[in-house]
Amino acid sequence: MRNGDGSIGVTAHWMDERIDTGSIIVQHDGIPLPEYVRFDELWHDVAPTIRALVAEAATLAADGYGGVPQDENKATYAGMFTAEDSTINWSWPSHDVHNLVRAFHFGTGIPGPFATIDGEHVRVLRTRLTPGSGTRVELPDGPLWIEEAEPVAQRFP
């Protein structure tokens with residue numbers, strides 16, 4: 001969600017000394033990622049793919065399959081959100097702001113994202129990149145619509 005992807009996938013890989021870097025046993029991708037979804041909702045959609053992946057990986061591992069080394073040029077790691085990530089930067093491109101809001105909607109473990117809109121401190125709950133209801137905000141690459149926000153009692157981080 002942080003990158004604006006329209007789908008996700010799952011991977012089974014051998015463990016090694018670094019996180020998520022071992023040889024790949026099996027991957028399944030193409031699981032649709034709704035525009036706005038929460039973790040528990042997505043888990044329901046991903047669980048059947050995980051069950052199939054684990055069964056396939058266990059069979060391959062039992063047969064001695066060593067996997068395929070990961071291509072470091074294709075590997076990405078998003079990391080955990082920090083307090084600095086919880087504040088919207090209005091100098092960012094509209095897609096980046098929209099994807100930040102999507103990621104916080106999904107659940108990050110910290111509150112946010114926060115912004116100041118027309119002098120009011122708010123937590124932004126939902127945005128859109130196409131014309132619609134809500135407050136239009138002009139960003140460097142074009143407009144973004146704030147469809148839903150809630151006031152916050154104090155200045156955000």
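Please read these numbers as outputs of a predicted model, since none were measured by experiment. (Residues numbered from 1 in each chain as written. Predicted model: local features only at pLDDT ≥ 70, side-chain atom pairs only at ≥ 80, totals over all residues. Heavy atoms only, no water.)

Here the focus is helix α1 (residues 39-62). By the largest-angle criterion, V46 marks the main kink of α1, which is about 40 degrees, and a proline, P48, follows within four residues. Summarising the contacts, the buried residues of α1 are in contact with β1 (7-13), β2 (24-32) and α2 (94-106). Two residues or fewer past α1, G64 is found with a positive phi of approximately 90 degrees. (Bend = angle between axes of the 7 residues up to and from the residue. Helix = DSSP H or I, 4+ residues; strand = E, 2+ residues; numbered from the N terminus. Contact = heavy atoms within 4.5 Å.)

This paragraph deals with unusual backbone geometry. Each neighbour pair has its own omega, and for G112 with P113 the value is -5 degrees, a cis peptide bond. Looking at the secondary structure, you find P113 in the loop between α2 and β3 (114-117). At D20, a position not held by glycine, the phi torsion is positive, near 55 degrees. Relative to the elements of secondary structure, D20 occurs in the loop between β1 and β2. Located in the positive-phi region is D118, a residue other than glycine, with phi close to 50 degrees.

Let us now look at the nonpolar core. Counting residues in hydrophobic clusters, the biggest one holds 28 residues, and the most contacted among them are M1, L42, I88, I117, V124 and I146. Within the residue set of this core, elements represented by two or more residues are β1, β2, α1, α2, β3, β4 (120-128), β5 (135-139) and β6 (142-151). Looking at which element gives the most residues to this core, the answer is α2, with five residues. Not counting residues up to four positions away in its chain, the partners in contact with I88 are V97, L100, V101, P113, F114, A115 and V124. (Core = buried A, V, L, I, M, F, W, Y, C linked by side-chain atoms within 4.5 Å. Buried < 20%, exposed > 50% of the residue type's maximum accessible area, 1.4 Å probe, protein only.)

Right, let's get into the side chain of S94. On the secondary structure map, S94 appears in helix α2. With relative accessibility at 5%, the residue S94 sits in the buried group. Setting aside anything within four residues of it in sequence, one finds S94 in contact with L129, L139, D141, G142, P143 and L144.

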